[in-house]
Structures are given as C-alpha cells and as structure tokens.
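Below, each chain spelled out in residue letters.
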Protein chains: 2
Amino acid sequence: MELRHLRYFVALAEELNFGRAAARLHISQPPLTRQIQQLEEIIGARLFLRSTRGVELTTAGKTLLAEAQRILGMVKVAEERTGKAARGQIGRLDVGIFGSAILNHIPRLLLEFRNQYPEVEIALYPMTKAEQTEALRAHQITVGFNRHVPTEPDIVVETVHFEPLVIALNRKHPLARQKSIRITEIVDEPLILYPRNTRVSFAHDVLNLIRSAGGVPNVVQEVTDVVTAIALVASGFGICVTPQAASSLKLPGVIYRQIKADPPPGIELACLYRRNDESPILGAFLDIMRRLPPA
Amino acid sequence: MELRHLRYFVALAEELNFGRAAARLHISQPPLTRQIQQLEEIIGARLFLRSTRGVELTTAGKTLLAEAQRILGMVKVAEERTGKAARGQIGRLDVGIFGSAILNHIPRLLLEFRNQYPEVEIALYPMTKAEQTEALRAHQITVGFNRHVPTEPDIVVETVHFEPLVIALNRKHPLARQKSIRITEIVDEPLILYPRNTRVSFAHDVLNLIRSAGGVPNVVQEVTDVVTAIALVASGFGICVTPQAASSLKLPGVIYRQIKADPPPGIELACLYRRNDESPILGAFLDIMRRLPPA
DNA sequence: TCTGATGATACCTGTCAGGTATCAATCCAT
DNA sequence: ATGGATTGATACCTGACAGGTATCATCAGA
C-alpha cells in the first residue's frame, strides 16, 4: 500500500463520486477507479458499494476512512516536524551550568532563546567544569557554561561575555578620589576576599593579579557571599575586588572604581560545545548567543 | 511523499548502512540512495550524515524516525482493522429486543456471537415491535427480535426458533393420563390465561386456537406472570397453555403435556433486519443464529 | 424510449523505480 | 606508502505501472 492509495481513497470517500474525486485529485476518472480497485485488493475487502448514481462506503470503508485520515494527518505533521527539527525549532537543549555562572549573562540569553524558539525545551544541569566536558562527550548536554577556559581538542570553548573587575572601597578611602585605580596601588591594601572555599573562581584571579603586580595579598577577611563582602567594605574593613555586576549593589559609603590596566582584568564567561556537533538547535543557540548585546 | 520513502528511511535508519538496508529491502543499493535523496528533498532537510564508513542520523532524521515508525505501524493496523471490519470481526451490533423475548433463545445466541467475535461490541435496546421497525429504518439498530411476524417490504423477518406450546394441568385431571392432548379436548376446560394486559403475546394465539377448534374460551383467571399461573394449576383452578420453556418450572401436582396437532401450535421467535443491509457484522450474526442448535 | 449520469474496461504512453556497471573517497592491513 | 576492501554516489538502461483518451454497460428519470 502507498500513501497515494490513501489519498485517493479519502478523496473518493469524501466526494462519493469517482468523477468529482478524480477532478479534485487532478487526475482523470479511470486511473482513480484502478487505484481504488488495487487498494481493495491489497486490503482484501470491498471498500465502496458502486451504483450508477455514485458510491457508498462499506463498513470496512468507514473503518479505513477514519484510519486513513489519521495517517495522512500524521504524515503532514511528520513532514513539518522534521523540517522544524532541521531548523532547530523543536527539540531539547541540554545546558550544563556552573553554579554562580547562572547569575549574570545566562538568564538573558536563555530567555532570548526561549522567545525565538518557544518549542525547544531547555534543560539546565548544574555541574562542575570537569563534569561538563565529560557530559558533553557523553552527549548528556549540548552546551556548557563555565568561567574557566580549558583547551580540549574535541571541545570548543567560546567566550561569551567579558565582565571587568571593579574595586569596591569606602568613600573615605584616599583612593576613592581617583576615577580608576592601578593594581599596584592596592597591593598592600587590606583585602576582603570573596568567594571563599570555592574551587575555581575569580578569587584566584584576584590573588594572582596582586602577586603579579609584585605584592603579597593582605587578606583580612574571607566571605562566602558578595553582600557580606560589600557590607564589610561599607564598615571600612578593607577593599574588595568584585565583578562589575556587583556594583549594582549600592550600600551607603561604598563606591566602585574601575581598574586601570591594559587589558583590563576581568572574568570571562565561556561556552563549551562539541567541535563536531552539527545540531541545528546548537547552531541556533550559538547564533543568538553571539548576537546578544551586552547588558 | 510515499510510504516507500518511509519504509526505506526506517530500514536505513536502523541499519545505518546503505548496502545492508538495501539488502533488507530486497533492492539494490543505488535505488535506495536515490529514494533517500528524494525524501530529503521532499522534507527539505538532510536526514543522514554520510561518511565512508556508514551513515548517521541527523537531528531531523531522529525526529522523522520516530514519526515514520508510528506512521508505518498505523498503516499496518489500518490494514488489519479494515480487513477485520470487512469480516465483521470488529464494530458494534445494535440489537432491539422485545421484553420477554430475551428470556428464551437470545442469551445463548448473543453469548455464542460474543465468543466468536469478541471484538464486536453488543448493545441491547428494549423496544416494542413498532419501534424496532422504525429503529431499523433509522439505522439505530441492526437486528430486532420479536415474537410477531409482520411483513414489511424493506424488512426481512426470519424465524429463529419455534417453541411449541404445552398444556399445564393438575395430575388429578382426567386428561393427565394421556401423553398428548388435542385442542378439541380442552375447549371447555377452565382456562388460566397468561399473560394478561399485554398488547401482543401468545395469549392471543391461545384464544384463537380454542376458537378455531369451535370452542368459546372459558377464562377463569388472568394472571401477569407464569409462576402464578402454574401455582393456580397446582391448586386445581384450571389448565394453562404456556411455552415449553415454562415446563422447567416444576411444582408439585403440575404436569405438562404436549399438544397433538399438525403443525403443533407454538410461538415463533423472529429476527428482523434491513433487506439491503450488507453489514458483515449482521451477516456473521445471522450465520451464527442459523447454525445455533436448538436448546 | 431516449438521455444523461454513473463506474468499468481497453489500450496507449511517459515517467520513474529498480537494475547493472562504475566511480570517488576513505580506512586499514601490509 | 600502497593496494585492497568498503563505503556511498553517479550514469545509464529497462520494465512496470500510473495516468491519459476513447469507449462501453448500466440504470434512473424524463
């Protein structure tokens, strides 16, 4: 049996007249007669009762009509869905995220993707950087987000977003009068380090920055969250280096200053995916990611 | 798109190798290559990633695979179901029944039909004889059962079952010594008539029998149910003419005797259906009905 | 009885599915 | 490196068959 048989059958079942059905199918009447006869032979049952003033469905014909309409509908849906899948408009995007990475750029990105591809399901999996690489290789996730930038041959690492670091300091601090501050100017300053006890974070970058400027980090306090860190700055405990996003946290007595350096120190949010991944959903996602304007 | 495309696609998606898939389909490899290319053109999307050591499904291909398998499954089911419908193995049989008619032959018949055609749903509608004819014409029922035998040009009436009438009488009655009794012998006997107040019943037949034998019915009591009638016979009120089925009701002092006549008087259970009804379910039902041995 | 509508049949033709032969690309064993 | 084996793609031919035209048989209705 071929879909042609079903298409012809449905047309005839709806018109109940060979001539009209044939016209609707843009063929002549004899081929339609033959195809219907053939279908009846394939099924092994008479589907129509013919008379000189039209045709009528048999019980078997009525049964097949319902089935045929469902099948033809499914074929249409299958064509559309397959096309959509090819264009990345349906399916699922599995995203590996690394804890705090979700706080900055990513929500906007996912929101934009969801708006443009509403039929793509987005699944988020919190996992470490090592787990992300592994999960990518095992096809458990399609993209991973991470701050770190490792280099693996089969995994592409693409920078999504660069967020400069800023220095938070008390308004009474002498350096507060400057628009921007050099790292060398703060090497001896009492430092509030955040976050603490986290395996990989920009805290390491901050310490390295100071060391490479020839200083010895003078950590007076380690805290787990950025709010506490800034509160300590407000109280005059010391200064704190944070991502720029934290500067939206306005506490009395705290001001934020850019770091004067070339290139400016900052943290990079990177996106990881398989080098040979041809998935149209990934393509669509990367496309949006690359086009998304910075906040 | 044709089912051929889907069949070939599924074979290739499962084998992931043109040569093997072609062998499975009993065709050679080049036509398969061409049909798959054609399908990709119809869908407007690449379905396979080819390499020199086999093929791999794309995202679109994976989507289509699921759809195609469902569609091909449905086609198979549609063929089977249509064939079954043609053979009367699925569908519904709507039966009109007339009150007490259900008590005798019909349960056995319906049970036998259900055993042979378990996938046919049986619906019973109690209705009068007039309603049955009407319901048949309106295609609300497929068969009706009735005691009466009207003659309508478009409705076929077929006798299902003939049940002889028997005479119930007290063991002390003089006629009780005979094996069988003539109608002429009971024309003057006190008669217990049952059922009463029923529009169409064998009670009329009983009265007509007596009248045509030259008697005047001597009705001493009318009762609504057969148990009361037989109880009155046991008490010696009179005799009663009942369908043979009632003789299973054994009360002390009551004996049943056949009626000697040619043809023997009795009641006919008839089956009604539309003369032009070609429904295979009806055909199957009538077939079973005609073959069913008497109780 | 004639007419117009219906579906079926006979026969022709062009398309296309499927065949064979062969190629190009890649991998693997030597 | 290199030849053989394996993969999918291409070129070209052929036969089956879908679809065309012409026509028939049947039957309802005027």
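Residues numbered from 1 in each chain as written. Chains lettered and ligands numbered in written order. Predicted model: local features only at pLDDT ≥ 70, side-chain atom pairs only at ≥ 80, totals over all residues. Heavy atoms only, no water.

- Labelled according to an unreviewed UniProt entry, chain A appears under the name LysR family transcriptional regulator, originating from Pseudothauera lacus.

### Some remarks on the overall build of chain A
1) Next: When helices and strands are counted, chain A shows 9 helices and 12 strands.
2) Next: Relative to a compact globule of 295 residues, whose C-alpha radius of gyration would be 19 Å, chain A shows 33 Å and is clearly more extended.
3) Next: Taken over the C-alpha atoms alone, chain A extends approximately 105 × 40 × 30 Å along its principal axes.
4) Next: Accessible surface, chain A: about 15100 Å² in total, of which carbon and sulfur atoms supply 51%.
5) Next: A gap of 5 Å separates the mean positions of the 35 positive and 30 negative side-chain charges of chain A. (Helix = DSSP H or I, 4+ residues; strand = E, 2+ residues; numbered from the N terminus. Rg over C-alpha atoms; globule rule 2.2 N^0.38 Å. Areas by Shrake-Rupley, 256 points an atom, 1.4 Å probe, with all protein chains shown as cover. Lys, Arg positive; Asp, Glu negative; His and termini not counted. Charge placed at Lys NZ, Arg CZ, Asp CG, Glu CD.)

### Some thoughts on the protein's contact with DNA strand D
1) Next: Near DNA strand D, the surroundings consist of 25 residues, among which Tyr-8, Ser-28 and Arg-34 of chain A together with Arg-50 and Thr-52 of chain B are the closest.
2) Next: Among the atoms of DNA strand D close to the protein, meaning within 4 Å, 69% are from sugar or phosphate groups.
3) Next: A distance of 3.2 Å separates a phosphate oxygen of DNA strand D from a polar atom in the side chain of Gln-35 of chain A.
4) Next: A distance of 3.1 Å separates a phosphate oxygen of DNA strand D from a polar side-chain atom of Gln-38 of chain A.
5) Next: Going through the elements one at a time, helix H1 (3-15) and helix H3 (29-43) of chain A together with helix H2 (18-24), helix H3 (29-43), strand E1 (48-51) and strand E2 (54-57) of chain B are the ones with two or more residues in the surface near DNA strand D.
6) Next: In terms of residue count, the dominant contributor to the surface near DNA strand D is H3 of chain A (5 residues).
7) Next: Looking at the surface near DNA strand D residue by residue, the class counts come to 7 nonpolar, 13 polar and 5 charged. (Near = heavy atom within 4 Å. Polar contact = N/O pair within 3.5 Å; in protein donor to acceptor, adjacent residues only side chain to side chain. Nonpolar A, V, L, I, M, F, W, Y, C, P; charged D, E, K, R; others polar.)

### With respect to the protein's contact with DNA strand C
1) Next: Around DNA strand C lies a shell of 25 residues, among which Asn-17 and Arg-50 of chain A together with Tyr-8, Ser-28 and Arg-34 of chain B are the nearest.
2) Next: When atoms of DNA strand C within 4 Å of the protein are split into backbone and base, the sugar-phosphate part holds 70%.
3) Next: Between DNA strand C and the protein, one listed contact pairs a phosphate oxygen with a side-chain N or O atom of Thr-33 of chain A at 3.5 Å.
4) Next: Contact distances for DNA strand C include 3.0 Å between a phosphate oxygen and a side-chain N or O atom of Gln-37 of chain A.

### Here we look at the packing of helix H1 (residues 3-15) of chain B against helix H4 (residues 59-86) of chain B
Residues and elements named next belong to chain B.
1) Next: Contact pair H1 / H4: the axes reach a minimum separation of 9 Å and the direction vectors enclose 125°. Between H1 and H4, the interaxial angle falls into the category oblique. Relative to H4, the crossing made by H1 is left-handed. Along its contact with H1, which presents Leu-3, Leu-6, Arg-7, Phe-9, Val-10, Ala-13 and Glu-14, the element H4 presents Gly-61, Leu-64, Leu-65, Ala-68, Gln-69, Ile-71, Leu-72 and Val-75.
2) Next: Here the residues of the contact of H1 with H4 are counted per class, giving 11 nonpolar, 2 polar and 2 charged. (Axes fitted to C-alpha atoms, helices over the stretch in contact; angles between N-to-C directions. Parallel < 35°, antiparallel > 145°, perpendicular 65-115°, else oblique. Left-handed = near helix turned anticlockwise from the far one by under 90°. Contact = heavy atoms within 4.5 Å.)

### Structural notes on the domain arrangement of chain A
1) Next: Once the domains are mapped, chain A shows domain 1 (3-86) and domain 2 (91-295).
2) Next: Computed over C-alpha atoms, the centres of domain 1 of chain A and domain 2 of chain A are 62 Å apart. (Domains from an automatic or database assignment.)

### Some details on the pattern of salt bridges
Side chains that differ in sign of charge can pair as their charged atoms come close.
1) Next: Throughout the structure, instances matching the rule amount to 26 salt bridges over all chains.
2) Next: As a salt-bridge pair, Arg-92 of chain A and Asp-94 of chain A come within 3.0 Å of each other at their nearest N and O atoms.
3) Next: The shortest N-O distance in the salt bridge between Asp-287 of chain B and Arg-291 of chain B comes to 2.6 Å. In this pair, Asp-287 of chain B and Arg-291 of chain B are both assigned in helix H9 (residues 280-291), 4 residues apart and thus about one turn of the helix distant.
4) Next: Each of Glu-14, Glu-15, Arg-20 and Arg-24 of chain A takes part in a single network of salt bridges with overlapping partners. (Salt bridge = Lys/Arg side-chain N within 4 Å of Asp/Glu carboxyl O.)

### Looking at the interface of chain B and chain A
1) Next: If you look at the interface, chain B gives 29 residues, while chain A gives 29 residues.
2) Next: Across the chain B/chain A interface, buried area totals approximately 2500 Å², and carbon plus sulfur atoms make up 70% of it.
3) Next: Linking chain B with chain A are 4 salt bridges, by the criterion used here.
4) Next: A salt bridge links Arg-7 of chain B to Glu-2 of chain A, with the nearest nitrogen and oxygen atoms 3.2 Å apart.
5) Next: Here chain B is connected to chain A by 10 residue pairs in polar contact (both at pLDDT 80 or more).
6) Next: Counting residues per element, the ones that place at least two in the side of chain B that touches chain A are H1, H3 and H4 of chain B.
7) Next: The dominant element in the side of chain B that touches chain A, judged by the number of residues it contributes, is H4 of chain B, at 17 residues. (Buried area = accessible area lost by both parts, 1.4 Å probe.)

### Looking at the packing of H1 of chain A against H3 of chain A
A packed helix pair is summarised by two numbers, namely the angle formed by the two axes and the spacing between the axes.
All names here are of chain A.
1) Next: At their nearest, the axes of H1 and H3 sit 10 Å apart, and the two run at 110° to each other. With respect to H3, the axis of H1 lies roughly perpendicular. You can see that H1 and H3 cross each other, and the crossing is left-handed. Of the residues in H3, those in contact with Arg-4, His-5, Tyr-8, Phe-9 and Leu-12 of H1 are Leu-32, Gln-35, Ile-36, Gln-38, Leu-39 and Ile-42.
2) Next: Looking at the contact of H1 with H3, its residues break down into 7 nonpolar, 3 polar and 1 charged.

### Here's the deal with unusual backbone geometry
Residue and element names in this part refer to chain A.
1) Next: Here the residue pair Asp-262 and Pro-263 is connected by a cis peptide bond, since its omega of 0° sits within 30 degrees of zero.
2) Next: Mapped onto the fold, Pro-263 is located in the loop between strand E11 (254-259) and strand E12 (266-274).
3) Next: The backbone phi angle of His-139 is positive, close to 60°, even though this residue is not glycine.
4) Next: Mapped onto the elements, His-139 comes out in the loop between helix H6 (129-137) and strand E5 (143-146).
5) Next: Of the residues examined, His-139 reaches a relative accessible area of 56% and is grouped as exposed. (Buried < 20%, exposed > 50% of the residue type's maximum accessible area, 1.4 Å probe, protein only.)

### Notes on the nonpolar core
1) Next: Counting 62 residues, the largest nonpolar core has Phe-9, Phe-48 and Ile-71 of chain A together with Phe-9, Phe-48 and Ile-71 of chain B as its most contacted members.
2) Next: When near neighbours in sequence (up to four residues on either side) are disregarded, Phe-9 of chain A contacts Ile-36, Leu-39, Leu-47, Phe-48, Leu-57, Gly-61, Leu-64, Leu-65 and Ala-68 of chain A. (Core = buried A, V, L, I, M, F, W, Y, C linked by side-chain atoms within 4.5 Å.)

### Here's the deal with the relation of the copies chain B and chain A
1) Next: The two copies are related by a screw operation: chain B maps onto chain A through 179° of rotation and 0.2 Å of translation along the axis, at an RMSD of 0.6 Å. Taken together, these values place the two copies in the relation of a two-fold axis. (Least-squares fit on C-alpha atoms with pLDDT ≥ 70 in both.)

### As for the packing of aromatic side chains
1) Next: All chains considered together, the criterion is met by 8 aromatic pairs over all chains.
2) Next: Each member of the aromatic cluster is reached from another via a ring pair, and the members are Phe-113, Tyr-117, Phe-145 and Phe-285 of chain A. (Phe/Tyr/Trp six-rings, centres within 6.5 Å; stacked < 30°, edge-to-face > 60°.)

### Structural notes on H9 of chain B
Residues and elements named next belong to chain B.
1) Next: Relative to the 16 Å expected for 12 residues at 1.5 Å per residue, H9 spans 16 Å between its end C-alpha atoms, a close match to the ideal helical length.
2) Next: If you check which residues of H9 are buried, you get Pro-280, Ile-281, Leu-282, Ala-284, Phe-285, Leu-286, Ile-288 and Met-289.
3) Next: The backbone nitrogen of Ile-281 has a side-chain oxygen 3.2 Å away, supplied by the residue at the start of H9, namely Ser-279. (Expected span 1.5 Å × (residues − 1).)

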